[in-house]
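Chain residues, written in single-letter form:
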Amino acid sequence: MSHHTAPADRPLGVGILGAGPVTQAIHLPALARLRDILEVRHIMDVDPAVASSVAARVGATSSTSMDALLGDHDVDIVAICSPHQFHADQVIAACRAGKKAVLCEKPFAMNAGEATRISAVSTETGVPIVVGAMHTFDPGWLAAEQNWGDLPEQVHTIRSSIVLPPNARFEDFATEIVTRPATGRPDYSDIDVIKAALQGGIMGLAIHDLPLVRRFTPDFADIEVLQVSHIRPFGYSVSLRTPTRVIELRAVMNGTWKPEWTFEAIADDSALRIDFTPSYVQAGSAVATFTCGNGSETTIFGPYGHNGYEGEWRELAELARGTRQAPSAQTLIDDLTFALAIADATVASAAAGHPDAAEKAGVSA
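Attention in this report is confined to the structure presented alongside it. (Residues numbered from 1 in each chain as written. Predicted model: local features only at pLDDT ≥ 70, side-chain atom pairs only at ≥ 80, totals over all residues. Heavy atoms only, no water.)

## Let's talk about the overall build of the protein chain
Helices and strands together make up the secondary structure of the protein chain, namely 13 helices and 14 strands. Looking at the protein chain as a whole, 52% of its 365 residues are labelled buried. Looking at the protein chain alone, contacts between residues at least 24 apart form 70% of all its contacts between residues at least 6 apart. Only carbon and sulfur atoms are counted for the fraction: they give 53% of the accessible area of the protein chain, which is about 15800 Å². (Helix = DSSP H or I, 4+ residues; strand = E, 2+ residues; numbered from the N terminus. Buried < 20%, exposed > 50% of the residue type's maximum accessible area, 1.4 Å probe, protein only. Contact = heavy atoms within 4.5 Å. Areas by Shrake-Rupley, 256 points an atom, 1.4 Å probe, with all protein chains shown as cover.)

## Here we look at the sheet that holds strand 8 (residues 224-231)
If you walk across this open sheet you meet the 8 strands as 8-9-10-7-11-12-13-14, and the pairing is mixed. Two strands in the sheet have a free side with no partner beyond their single neighbour: strand 8 and strand 14 (297-301). Averaged over all adjacent pairs, the angle separating strand axes in this sheet is 10°, with direction ignored. As defined by bridge partners, strand 13 (residues 287-292) adjoins strand 14 across 5 bridges and the pair is classed as antiparallel. Paired with T289 across the two strands is I300, which belongs to strand 14. Taken strand by strand, helix 12 (residues 329-352) contacts strand 8, strand 9 (235-241) and strand 10 (246-253), and its axis lies near 70° from that of strand 8. (Pairing = 2+ DSSP bridges. Axes fitted to C-alpha atoms, helices over the stretch in contact; angles between N-to-C directions.)

## A word on the nonpolar core
In this structure, F216, Y236 and F263 are the most contacted members of the largest nonpolar core, which totals 71 residues. Per element, the largest residue contribution to this core is 10 residues, and it comes from helix 12. When residues of this core are assigned to domains, at least three map to each of domain 1 (12-132) and domain 2 (136-360). Membership of the second largest hydrophobic core comes to 30 residues, among which are V14, V22, C81 and A320. (Core = buried A, V, L, I, M, F, W, Y, C linked by side-chain atoms within 4.5 Å. Domains from an automatic or database assignment.)

## Some thoughts on the side chain of E310
Within the secondary structure, E310 is located in helix 11 (residues 308-321). Excluding residues within four positions of it along the chain, E310 makes contact with A30, R33 and L34.

## Topic: the packing of helix 9 (residues 191-204) against helix 12
Geometry of a packed helix pair, given as the angle between the helix axes and the separation of the axes. Packing of helix 9 against helix 12 brings their axes to within 9 Å, and their N-to-C directions diverge by 155°. One element, helix 9, and the other, helix 12, form an angle in the roughly antiparallel class. Handedness of the helix 9/helix 12 crossing: right-handed. Contacts between helix 9 and helix 12 pair I191, K195, L198, Q199, I202 and M203 from the former with L336, A339, L340, I342, A343, D344, T346, V347, A350 and A351 from the latter. Classifying every residue of the contact of helix 9 with helix 12 by side-chain character gives 12 nonpolar, 2 polar and 2 charged. (Parallel < 35°, antiparallel > 145°, perpendicular 65-115°, else oblique. Left-handed = near helix turned anticlockwise from the far one by under 90°. Nonpolar A, V, L, I, M, F, W, Y, C, P; charged D, E, K, R; others polar.)

## Regarding the environment of E224
Relative to the helices and strands, E224 resides in strand 8. Assessed through its relative accessible area of 39%, E224 is described here as partly exposed. Taking the C-alpha atoms as reference, E224 lies 8.5 Å from I342; in sequence the two are 118 residues apart. Beyond its immediate sequence surroundings of up to four residues, E224 is in contact with S239, L240 and R241.

## Overview of the pairing of strand 5 (residues 101-104)
Because side chains alternate across strand 5, one face comprises the buried residues A101 and L103, and the other comprises V102 and C104, equally buried. When strand 4 (residues 77-80) meets strand 5, the two strands line up parallel, connected through 4 bridges. Within strand 5, the position partnered with A79 by the bridge is L103. A crossover links strand 4 with its parallel partner strand 5, the connecting element being helix 4 (residues 87-96), and its sense is right-handed. (Right-handed = clockwise from strand over helix to strand, strands pointing away.)

## Overview of the sheet that holds strand 3 (residues 61-63)
Overall, parallel pairing links the 6 strands, which are arranged 3-2-1-4-5-6 in an open sheet. Of all strands in the sheet, those with a lone pairing partner are strand 3 and strand 6 (129-131), marking the two edges. For this sheet the average axis-to-axis angle between neighbouring strands, irrespective of direction, equals 20°. Note: strand 2 (residues 38-44) against strand 3, 3 bridges, orientation parallel.

Here's what the structure looks like:
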């Protein structure tokens with residue numbers, strides 16, 4: 001297949017599969033700030049009215065079929081923002097279509113088998129894949145990574161804590177993995193509703209920070225759940241441990257607090273805290289704070305002029321132009337299997353502790 005080459009001075013063309021809230025509220029504003037290097041040329045959505053109205057805003061072609069977008073020679077980079085069950089097949093099709101780079105919203109696969117298929121195709125075609133975990137592209141996180149020295153070896157506790165205001169966008173975000181009940185309030189006495197809410201919490205929210213957690217967890221394959229609580233409506237509190245680490249994952253929706261999204265890695269005499277801007281917020285970057293000597297010394301990195309949403313697009317442009325080495329597909333697989341393992345263990349633990357667990361398992365009381 002011939003690779004269509006863009007002249008170095010012409011912006012690379014972007015095609016987006018799926019024109020929902022993530023595309024409209026996140027990717028298009030980020031791309032608008034990068035017009036000198038990236039240009040939206042094609043938007044596909046199964047709803048023709050959505051596709052054409054969103055495409056019209058940016059002067060792009062619209063279509064309702066993946067094949068039309070992948071066949072468009074003006075598209076160099078494909079962003080996959082469709083419902084998650086389509087991700088794996090669409091990533092593979094984009095690699096096979098000879099595109100220069102692929103961005104896939106998380107999760108890029110729903111199980112380890114799909115992830116392995118994607119990795120094989122990426123290796124075979126040489127097309128780099130980036131997963132849209134925007135925190136790993138945030139300049140605040142990257143500054144922490146360059147300055148943390150041997151902290152990952154010393155850490156004993158890792159914490160991801162998310163406080164979100166009750167906002168329809170965040171609700172969509174927290175429930176994107178799970179279809180929201182069509183009528184009224186969810187029935188929280190039903191174990192299947194709680195399992196779905198926890199699965200959605202881990203794979204929709206916690207997943208943003210799990211690649212960060214994994215960097216501080218050398219024995220990440222050996223993980224055990226200590227305690228799980230479902231916090232209504234869309235929250236969770238999960239304590240996990242490996243032989244050498246304690247991991248705490250928390251998310252709550254609360255009307256009285258300001259949004260807060262923090263990642264902490266704590267050792268005996270030093271600690272790292274990263275304050276991220278909440279998702280769907282375009283302004284500014286994360287701020288990383290190192291403390292050592294029991295808090296006597298503090299070093300702060302950030303905020304910087306752009307955030308992780310813009311950071312991931314800058315990286316995609318470099319990958320597509322061949323000026324940056326592609327990330328290892330194995331890292332993406334490890335990040336996904338880590339997230340799935342935590343989600344599965346969390347759901348299993350919640351189910352085991354629920355009053356109707358015995359009844360659902362067919363055991364008579």
